[in-house]
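Here is how the chains run, residue by residue.
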Amino acid sequence: MKRLALIVVVLTGILLIYATVDFPPWGDPNSPASRHVSPRYIKKSVEETGVPNIVTAVLADYRGYDTMFETTVIFGAGVVCFFLLRVFKRRPRKERLYRHLLTGLVIRVREDMEEELDLEEFERIDTLWTPYDLILKTVCRIMIPFIQLFALYVIAHGHHSPGGGFQGGVILGASFILLAISHDLRSMLRRMKEKLHAILCAVGVMIYAGVGAVCVLLGFNFLDYKALSPLLHTTAVMARSYGIFIVEVGVGIAVMATMIWIYNNLSSEGRYDEGL
Amino acid sequence: MFEHIIPKYNYWIYITLMMIGLYAMISKNNLIKKIIGMNIFQTAIILFYVSMGAKRGATIPIIEHSQGHGIIDVTRYINPLPHVLMLTAIVVSVATLGVALALAVKVYKRYGTLEEDEILKKIKEE
Amino acid sequence: MKEQFPALIVTVPLLSSFIVSISGWVRRSLCFYITLSVLILINIFSFSILNQVICSGVIQYRLGGWEPPWGIAYHIDHLNALMLCVISVVSLLNLISTKKAVERDMEEKRGAFYTLYALMITGLLGITITGDAFNLYVLLEIASLTGYGLIAIGEDRAVLSSLNYLYMGTIGACFYLLGIGYLYIVTGSLNMVDISHILPSLYNSKAVMVAFVICMVGLWIKMALFPLHGWLPNAYTHAYASSSSLIAPLMTKVMVYVMLRVMFSIFTPDYIFRYINPGRMIVWLSISAIFFGAVMALSQKNIKRMFTFIIVSEIGYMVGGAWIGNRVALTGCIFHMVNDALMTLGAFLFLGILSHNNIDETFDGIKGLTKRMPFTMGAFILCALSFIGVPPTSGFFSKWYLLLGAMDAGYYGFMLALIVSSLINVILFFRIIEAAYFYGHDASEIREAELFELVPLFMVVAIILIVGLLNAELVQYIIDPAIPKMII
């Protein structure tokens, strides 16, 4: 099997290298790719869309239809992970670990004994028992709001600096996952319930597709943002800029919710009680 | 002869990377190693697209405020279109990775192992 | 409003998938009815687009208002419109037929199932209608990811089969993406019509030839052409009937459509049939696919697995017909795409009825079924006649065109493969019919299938007969204008 794989790989590699004879050299400013379609993007993006970041302008306006489907791909992946892994009928675990808050002592409780003990001064910890670390928990708790602020900055400033919906959404999702890793999964689920982030995921992409549908209802083509200019009381160019911003917000919400959703399903194997 | 190799060494690098990923996907037994190979394979394609947009001496495609209203020189900014396409491709590869890991978790829950030959043996015994 | 249909036909199921997802968390019983109403709307849209294309020619639609190649644009001709209608009809009939099965198998995750259903339909409709090469890749990935998810929720072995499908499918899609990248680096454009205008000056470029080879190999992996078919039998056999009856009729046929689109709209027929001419090699590959599928189908005991090998064989018909290179064979190929989608839907709906009534899908399990389920077996026999190729079912006419085209071009091996595989199909279906008719059955709790499941099956059979009777009009008004004029 390995020999067959090696032969296939070598043949494919030779075929691909054979084609590089006709490629333009690396960094050539006169290559066909740089002469045909992209000069218009570079020259006209500020005057047609009002957005200096050309990548955001192309992503959300000129090729915005592609980006809508890309967000749908990530939404679909979240739904597939939920569909495959989530188990609703919970067989409770055979034993749970509890830690005494004041002394740090850890006890193991069988599930049939749980009702008989008074567990007021205990907190539940995960079966993958890690030692209690005050520094880690406190530092993460301090850092998370700043991470989220930075993520919102990245989403909002996508017009003028590298950034945008996907990048900011991933950072926002990562802040919640940091909470889940440094504390435990249940603390994150208390702040962001399952139903909420599952619905937010759909709402985010619906904002994107909804903007396009509004443009159709107002008589223009799908995702033609100049249809929004009477609604927003601005010129056509600024309407495009605001339209790009609205869809980036939608993308950010969708990506954040999906990252959290996939993490929850994978790390707790669908049971949503204990994670990493 | 050498004008095909030296100015185009970026293409040779990505082809090598892609073939490493493809070899891992075909020949390795462990399911997680196959998933890693898939990720290397997709990353190599992303590298290819991004490298085709580069221009010597050009900067990132964000128009500074001072340049905003004059004539913009196209050779000062790199080609933005491959970057846009690869944003999409990165998201698609992350989504595929998520689905593949969910499937691997399910396989592990069912069969208790992640090696493909052991799984096939267990299937034959059932 | 009518000129917005090209955008609406893809975005209405997309929006509905989000609404279904939310309603799956809020009120689960509405999911089916939302999806049903959306699919009825899709049918109206697709037949209206077909009507528009027949009356006034090619439709152009610009998304975002930007002209191609700077924006994404649609270029809808007869082939697109025909495939849109096929996808809408198949998905609607399948939805109605699998309602009870979904309620039984996937009680709490119904919202997620109908979301994935709507997303897969969005992906397939988007693939057929788009005119931009990179947009096609993104939509291909939507359809593939939802397909992996729908297949993996099945019996025990479904998860491993879906993971193997994922590996091969990702390689295929990435090869397609690489081919598009090679084309972009030498032409600078992503729009299909634009690339075909730039390409004639680049015929002797090695990059274009390698791009063609890689695109084709990637698409062959996704459509399961022998020897790259390894994922198909396991993936389709072990999935639940409600998922496999959606994916099996549509996914591979849409990939054949993409191959035709790449052959004709991106690389023009001038390039592929006159400049590089791999027709003979590919027709031999498809001959081996036909024989392999037929022989493997003979040796199967499980009926569902037998049908998956018949699918492998049918893909051989279509790829061979496309590469023979004359007008008649291409007519046969496109006609066979339509027929195969309908026939496979009929066969898999029949298998779904069997599994819903807990009947074993082997030759022993269906003994004496005709006494208990006369209507189901009657409809299935008409489907079987279409697979074999008996007039007036539509299967006969597409095979007739393929035979005539092969004879005109001198591919006698292909003609032999067609005739032999039709005879093998006779043997295969006769075994099923014999098992169902001539033995007694002892289990008495098997009743006739419910109306929900029978009516779609009858409608499939009725459409097969109607398409067969109207085959001349279909060829003259829809299929013939779909083939580029330079093919004789």
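Read on for a plain summary of the structure.

### Considering the overall build of chain C
Next up, step 1: A count of helical and extended segments in chain C gives 21 helices and two strands.
Next up, step 2: Dimensions along the principal axes, computed over C-alpha positions, put chain C at roughly 70 × 60 × 45 Å.
Next up, step 3: Sorting the 488 residues of chain C into buried and exposed places 62% on the buried side.

### Quick notes on the sheet that holds strand β3 (residues 122-125) of chain A
Residues and elements named next belong to chain A.
Next up, step 1: Within the open sheet, the three strands sit side by side as β2-β1-β3. Their pairing is antiparallel. Sheet topology places β2 (106-110) and β3 at the edges, where each strand pairs with a single neighbour. Shown here is a sheet whose adjacent strand axes are inclined to one another by a mean of 40°, direction ignored.

### Quick look at the interface of chain C and chain A
Put simply, an interface is often sized by how much accessible area is lost when its parts join up.
Next up, step 1: On the chain A side, the residues contacting the 48 residues of chain C number 47 residues.
Next up, step 2: Elements that contribute at least two residues to the side of chain C that touches chain A include exactly α1 (5-26), α5 (110-129), α6 (133-152), α7 (158-187) and α9 (206-223) of chain C.
Next up, step 3: When residues in the side of chain C that touches chain A are grouped by element, the largest group, 11 residues, is from α6 of chain C.
Next up, step 4: Grouping the constituent residues of the side of chain C that touches chain A by class yields 29 nonpolar, 14 polar and five charged.

### Remarks on the interface of chain B and chain C
Next up, step 1: Each side of the interface is counted separately: chain B has 25 residues, and chain C has 22 residues.
Next up, step 2: Elements supplying a minimum of two residues to the side of chain B that touches chain C: α2 (31-52), α3 (81-111) and α4 (116-125) of chain B.
Next up, step 3: If one sorts the elements of the side of chain B that touches chain C by residue count, α3 of chain B sits on top with 13 residues.
Next up, step 4: Of the residues that constitute the side of chain B that touches chain C, the class distribution is 19 nonpolar, three polar and three charged.

### Focus on the packing of helix α3 (residues 78-97) of chain C against helix α11 (residues 241-266) of chain C
All names here are of chain C.
Next up, step 1: The contact between α3 and α11 brings their axes to 10 Å, and the two run at 175°. In terms of orientation, α3 and α11 fall into the roughly antiparallel class. In contact with Leu79, Met83, Ile87, Val90, Ser91 and Asn94 of α3, α11 contributes Ser245, Leu246, Pro249, Leu250, Val254, Tyr257 and Leu260.
Next up, step 2: Class assignment for the residues of the contact of α3 with α11 results in 10 nonpolar, three polar and no charged.

### Quick notes on the environment of Val216 of chain A
Next up, step 1: Examined against the element boundaries, Val216 of chain A turns out to sit in helix α9 (residues 194-217).
Next up, step 2: For Val216 of chain A, a count of 18 C-beta atoms within 10 Å puts it in the partly exposed group.
Next up, step 3: Separated by 11 residues in the primary sequence, Val216 of chain A and Ala227 of chain A place their C-alpha atoms 8.3 Å from one another.
Next up, step 4: When near neighbours in sequence (up to four residues on either side) are disregarded, Val216 of chain A contacts Phe222 of chain A together with Gln4 and Ala7 of chain C.

### A few points about helix α18 (residues 394-409) of chain C
One turn of an α-helix holds 3.6 residues; hence residues three or four places apart share an orientation.
Residues and elements named next belong to chain C.
Next up, step 1: Here α18 is 16 residues long and its end C-alpha atoms lie 23 Å apart, about the 22 Å a rise of 1.5 Å per residue gives.
Next up, step 2: Taken together, the buried positions of α18 are Ser394, Gly395, Phe397, Ser398, Lys399, Tyr401, Leu402, Leu403, Gly405 and Ala406.
Next up, step 3: For α18, the secondary structure elements touched by its buried residues are α14 (303-324), α15 (327-356), α17 (374-388), α19 (412-438), α20 (451-469) and α21 (471-482).
Next up, step 4: Downstream of α18 by one or two residues, Gly410 has phi in the positive range, about 85°.

### Thoughts on the packing of helix α5 (residues 64-85) of chain A against α3 of chain B
Next up, step 1: Interhelical geometry of α5 of chain A versus α3 of chain B gives an angle of 10° and a closest axis separation of 9 Å. Looking at the two axes, α5 of chain A sits roughly parallel to α3 of chain B. Here α5 of chain A contributes Asp66, Glu70, Val73, Ile74, Ala77, Val80, Cys81, Leu84 and Leu85 of chain A to the contact with α3 of chain B, which in turn contributes Thr88, Val91, Val92, Ala95, Gly98, Val99, Ala102, Leu103, Val105 and Lys106 of chain B.
Next up, step 2: Of the residues contributing to the contact of α5 of chain A with α3 of chain B, the split by class is 14 nonpolar, two polar and three charged.

Conventions we followed
- Residues numbered from 1 in each chain as written.
- Chains lettered and ligands numbered in written order.
- Predicted model: local features only at pLDDT ≥ 70, side-chain atom pairs only at ≥ 80, totals over all residues.
- Helix = DSSP H or I, 4+ residues; strand = E, 2+ residues; numbered from the N terminus.
- Buried ≥ 20, exposed ≤ 12 C-beta atoms within 10 Å, placed from the backbone.
- Pairing = 2+ DSSP bridges.
- Axes fitted to C-alpha atoms, helices over the stretch in contact; angles between N-to-C directions.
- Contact = placed C-beta atoms within 7 Å.
- Nonpolar A, V, L, I, M, F, W, Y, C, P; charged D, E, K, R; others polar.
- Parallel < 35°, antiparallel > 145°, perpendicular 65-115°, else oblique.
- Expected span 1.5 Å × (residues − 1).

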